[in-house]
Protein chains: 2
Amino acid sequence: MLLCVGSVAYDVIEIPQREPVEVLGGSATWFCAAASLFARPSLVAVVGDDFREDDRAFLEHRGVDLAGLERRPGATFRWHGRYHDDLQGRDSLATELGVFAEFRPVIPPDLRAPDVLFLGNIAPDLQGLVLAQARGAGFTALDTIECWMEPPHRDRLLRLLPRTDLLFLNDDEVRLLSGERGVMRAARRLLDDFGARAVVVKRGEHGAMLFRSTSPAPERGRDPAPSPDATDDRTAPSRPDIRLFPAFPIESVVDPTGAGDSFAGGVLGYLDRVGRFDGETLCDALAVGTVVASFSVEGFGPRHFDRVTPSAFEARLRRYGDMVGFRRDEVLGVLSRPPARES
Amino acid sequence: MLLCVGSVAYDVIEIPQREPVEVLGGSATWFCAAASLFARPSLVAVVGDDFREDDRAFLEHRGVDLAGLERRPGATFRWHGRYHDDLQGRDSLATELGVFAEFRPVIPPDLRAPDVLFLGNIAPDLQGLVLAQARGAGFTALDTIECWMEPPHRDRLLRLLPRTDLLFLNDDEVRLLSGERGVMRAARRLLDDFGARAVVVKRGEHGAMLFRSTSPAPERGRDPAPSPDATDDRTAPSRPDIRLFPAFPIESVVDPTGAGDSFAGGVLGYLDRVGRFDGETLCDALAVGTVVASFSVEGFGPRHFDRVTPSAFEARLRRYGDMVGFRRDEVLGVLSRPPARES
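Residues numbered from 1 in each chain as written. Chains lettered and ligands numbered in written order. Predicted model: local features only at pLDDT ≥ 70, side-chain atom pairs only at ≥ 80, totals over all residues. Heavy atoms only, no water.

1. Some points on the relation of the copies chain A and chain B
In step 1: Taken as rigid bodies, chain A and chain B are interconverted by a rotation of 180° and an axial shift of 0.0 Å, the fit giving an RMSD of 0.0 Å. Seen this way, the second copy is the image of the first under a two-fold rotation axis. Distance from the rotation axis, computed per C-alpha, reaches its smallest value in chain A at Gly325 of chain A: 2.5 Å.
In step 2: Mapped onto chain B, 100% of the interface residues of chain A are again interface residues, and the two copies thus contact each other with one and the same surface. (Least-squares fit on C-alpha atoms with pLDDT ≥ 70 in both. Contact = heavy atoms within 4.5 Å.)

In structure tokens, the structure reads:
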């Protein structure tokens, strides 16, 4: 079973040269819509009494279990964003928390031992509350954003890292969290000094990188404090296991909102479907997430996933497989032989 | 035989927080130093009488044939660049053409039918001069930069596209040359409307993308004029063959100068070594070029390639092979079976 805790929201999205659009949004919504391609996610979140019946029906029809979706008097979380011309940078014009301001996630008793747990982007103390309730999770992933990397949230966030199996961050976030400017060094720092076990660095249209520690994992439940000085007395830096997932190229990107949560939904939905969390399965899951994210940017809002039939997904996954990789053994063979012709 | 025509220069490189460094540079120098890992390139270029003997000796020791390296009275081409803090953007502080201003490439008669020809970044009319002399080339690749995409050079450059097999451009260049803002659309336009056969889009630390036309290649020697209006009456856009080559991640980038030419040198050096130019061999060559470029940024100047032993190259190529790809058939198998567990 796949459990997701995060936000459900209404977004107003402004894309250059288009009319503003209001759509269903929020990290948990995008995640569940994407994960529902492979699994039946359970959603724990809060909405206001303005939450529309057809939006609830959309999630139900996607197979999302809404038993943990709390409805409270007040307004659903609203976000208003405006994208820059390159569709990469964006400004938040307004954020109205509504009922989300009072959100204290309560995990229904029958959901406290999920196979896979996704802690979507909410305050680290709330993510910690979820972790404390869902102790039986088989595999835990966490997403967060820059605003939780400053005091007083920062310390709470750092304490979660050794307790999660997979951390989703973008370029800027991995730099800010680690204090290192280069992405490689930043990711290694999170593994070596901050207790993270695996870090996915999301790079938008450039894809994603997976960094995994090659040293033995500490025992689950242990909580080693970050040791920022460890680099000073280390002679040989660790060499993390690195895997590269270039983005599936999309000619007509409509709206990048939700791509990161869709990516995570694809990754964790696939892991839940397989029921194994070994390294190669995780890499397969990241390829699946990459393809899922490519669908998410082709339209506004998570309803776009209704168009992603199994055969459409499979066709794109096949194409992605054709796009990546090379014949390593062929190349090594060529280089091991003397040049065929001398001129 | 691999022939390269381009510039040989002395560069002054300023990297933030470092003293300025003067090093051997120029597109042809970098290209040949990189290609010499796999082949014995022949260099056609011009230097002044200030060209240092030890630089000539370096190229000879790399196995570069210097019969076509002209020495003229005057100064060797000099470039002074300053990198921004991110090591991506850079400013040209000074460019002194010296003897390069009078360069009229003359291909020695025995080099006029190379297996592989690289037209390094020089004025398109000079690249055209080389093409006219080296009509017997088996495979021709061209690199260029933004300054040749404005009148009066632009038309001369466009006329070369249908006469080359592979075009090397970076993100900005592919956009400027095509007039399209998105990289995908831009590359497709070059294939569909400008007569290019294959385009490599270089994206620096994010790697490279290969776009190849899937429509039959026009006959060599034909010179279809670009038809900028062709998109308007086309109903179904072509679907180019796309291959993705994420960069080999480097933790300590010292100097990115020459990475693009090193990449091209690795690609074409490998193609010359294999002696075949089919699609899969080209993809292997792009993986080789990706690994070669990763070495080039680890130090200043092309002498750094002396440290790249065959076993160092092979080890990094193996690592790169481990970093890319996923188990497509495994994933398709998982998705074709019903979920193992329902909860």
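Additional details are given in the paragraphs that follow.
2. Observations concerning the confidence of the model for chain A
Residues and elements named next belong to chain A.
In step 1: Looking at chain A, pLDDT values average 92 and 92% of them are 70 or higher.
In step 2: In the predicted structure, residues 219-235 sits below a pLDDT of 50 and forms 22 contacts with residues beyond four places in sequence or in another chain.
In step 3: The ipTM, which scores confidence in the relative placement of chains, is 0.90 for this predicted complex, and the corresponding pTM is 0.92. (pLDDT = per-residue confidence, 0-100.)

3. Considering the interface of chain A and chain B
In step 1: Each partner contributes residues to the interface: chain A has 62 residues there, and chain B has 62 residues.
In step 2: Summed over both sides, the interface of chain A with chain B buries roughly 5700 Å², with 53% coming from carbon and sulfur.
In step 3: On the chain A side of the interface with chain B, the three residues burying the most area are Glu251, Arg273 and Phe326 of chain A, jointly 13% of the side's total.
In step 4: Residue Glu330 of chain A pairs with Arg276 of chain B through a salt bridge whose shortest N-O separation is 3.5 Å.
In step 5: Where chain A touches chain B, the interface holds 25 residue pairs in polar contact (both at pLDDT 80 or more).
In step 6: Put simply, the parts of the chain that give the side of chain A that touches chain B at least two residues each are helix H6 (183-192), strand S13 (241-245), helix H7 (259-274), helix H8 (279-296), helix H9 (310-323) and helix H10 (328-336) of chain A.
In step 7: Counting residues per element, the side of chain A that touches chain B draws most heavily on H9 of chain A, at nine residues.
In step 8: For the side of chain A that touches chain B, the residue count by class is 29 nonpolar, seven polar and 26 charged. (Buried area = accessible area lost by both parts, 1.4 Å probe. Salt bridge = Lys/Arg side-chain N within 4 Å of Asp/Glu carboxyl O. Polar contact = N/O pair within 3.5 Å; in protein donor to acceptor, adjacent residues only side chain to side chain. Helix = DSSP H or I, 4+ residues; strand = E, 2+ residues; numbered from the N terminus. Nonpolar A, V, L, I, M, F, W, Y, C, P; charged D, E, K, R; others polar.)

4. Notes on the pattern of salt bridges
In step 1: Taken as a whole and assessed by the stated rule, the structure comprises 56 salt bridges over all chains.
In step 2: What emerges from the salt-bridge pattern is a single network uniting Glu22, Asp50, Arg52, Asp54, Asp55, Arg78 and Arg303 of chain A.

5. With respect to the sheet that holds strand S2 (residues 9-14) of chain B
Residues and elements named next belong to chain B.
In step 1: The four strands lie next to each other as S3-S2-S6-S7, forming an open sheet whose pairing is mixed. Both outer strands of the open sheet, strand S3 (21-25) and strand S7 (90-96), are each paired with one neighbouring strand and no more. On average, each strand axis in the sheet is tilted by 25° relative to the strand beside it, whichever way the strands run.
In step 2: Note that strand S6 (residues 77-83) and S7 share six bridges and pair antiparallel. Each residue of the ladder has a partner; that of Tyr83, found in S7, is Arg90. (Pairing = 2+ DSSP bridges. Axes fitted to C-alpha atoms, helices over the stretch in contact; angles between N-to-C directions.)

6. Focus: the packing of aromatic side chains
Residue and element names in this part refer to chain A.
In step 1: Taken as a whole, this structure holds 24 aromatic pairs over all chains when the rule is applied.
In step 2: Considering the side-chain rings of Phe100 and Phe103, the 5.5 Å spacing of their centres and the 25° angle between planes classify their relative orientation as stacked. As far as burial versus exposure is concerned, Phe100 and Phe103 are alike and both buried.
In step 3: Ring pairs connect the aromatic residues Phe31, Phe118, Phe168 and Phe263, which therefore count as one cluster.
In step 4: Seen from the ring of Tyr10, Arg52 lies directly overhead, with NZ or CZ sitting 4.3 Å from the centre.
In step 5: The ring centre of Phe295 lies 3.8 Å from the NZ or CZ of Arg316, which sits over that ring. (Phe/Tyr/Trp six-rings, centres within 6.5 Å; stacked < 30°, edge-to-face > 60°. Buried < 20%, exposed > 50% of the residue type's maximum accessible area, 1.4 Å probe, protein only. Lys NZ or Arg CZ within 6 Å of the ring centre and 35° of its normal.)

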